[in-house]
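# Reading the structure
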Amino acid sequence: MREKLLPIQEAVALIPSGASLAIGGSILRRHPLGFLREMVRQGKTGLHLFTWTSGLAVDFLVGAGCVSKVEAAYVGLDPFGLAQNFRRAVERGEIAIEDFTESSMIARFRAASMGLPCLPTMALLGTDMAERTTLARPITCPFTGQPMHMVAAARAEYTILHGFTSDVYG
């Protein structure tokens, strides 16, 4: 096995500005903030973020001017209200957003992890989310005749997670 341990500065240097990143964590927990702080320090910009329910991570990067687009189910600080940097940037048109339900975003990550271009979901039925994105298409189930949507895989070039334990081999 090959050792994979790198100083954080070298690991961040591998990610170019304009890259697409899937960022782990949920609202106020388990965000890879040390890594993201180094991205800000290195001046990364134009990042396209994929996340499930985020708060601190996305708000931090948006506030630092690193982000051009976010695809997520939620960006906020839960009991502390909205993620203010994110909200301001969206209202000013400084970043693009693709809004999904939690389970449809999970379907997008699941499709990517399976190497599939898309997966079906019923989570967008009854919402206008599918009408506001090019990443979801209505279909009819070939087995039951029920309406549903296909959602495109959330394919990121890099995935950044906060790990609790590891060794030099990853």
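Just so it is clear, the structure is predicted and the values come from calculations on it, not from any experiment. (Residues numbered from 1 in each chain as written. Predicted model: local features only at pLDDT ≥ 70, side-chain atom pairs only at ≥ 80, totals over all residues. Heavy atoms only, no water.)

### What about the state of the cysteines?
Scanning the entire structure with this criterion turns up zero disulfides. Lacking any disulfide linkage, C141 is separated from the closest cysteine sulfur, that of C118, by 14 Å. (Disulfide = S-S within 2.5 Å.)

### Details of the nonpolar core
Counting residues in each nonpolar core, the largest one holds 25 residues, and the members touching the most others are L21, M39, L49, V67, V70 and F86. Dropping the residues within four chain positions of it, L49 is found in contact with L21, I23, V58, L61, V67, K69, V70 and E71. One finds A22, M105, L124 and M129 within the second-largest nonpolar core, a separate group that totals 16 residues. (Core = buried A, V, L, I, M, F, W, Y, C linked by side-chain atoms within 4.5 Å. Buried < 20%, exposed > 50% of the residue type's maximum accessible area, 1.4 Å probe, protein only. Contact = heavy atoms within 4.5 Å.)

### Side note on the sheet that holds strand β7 (residues 118–121)
The strands making up a sheet associate through backbone hydrogen bonding, with each pair oriented either parallel or antiparallel. On the basis of which strands lie adjacent, the open sheet formed by three strands has the order β7-β9-β8 and antiparallel pairing. Two strands lie at the open edges of the sheet, namely β7 and β8 (136–140), each paired on one side alone. The average angle at which neighbouring strand axes cross in this sheet is 35 degrees, direction not considered. Sheet topology places β8 next to strand β9 (residues 147–152); five bridges connect them, and they run antiparallel. Directly across from P138, in β9, lies its bridge partner H149. Relative to β7, helix α5 (residues 102–113) is tilted by about 150 degrees, and along the sheet it contacts β7 and β9. (Pairing = 2+ DSSP bridges. Helix = DSSP H or I, 4+ residues; strand = E, 2+ residues; numbered from the N terminus. Axes fitted to C-alpha atoms, helices over the stretch in contact; angles between N-to-C directions.)

### Quick look at the pairing of strand β4 (residues 67–72)
As paired elements, strand β2 (residues 47–50) and β4 share four bridges and run parallel to each other. Directly across from F50, in β4, lies its bridge partner E71. Of the pairings in the sheet, the one linking β4 to strand β6 (residues 96–99) comprises four bridges and is parallel in character. Counted as the bridge partner of V70 is I97 from β6.

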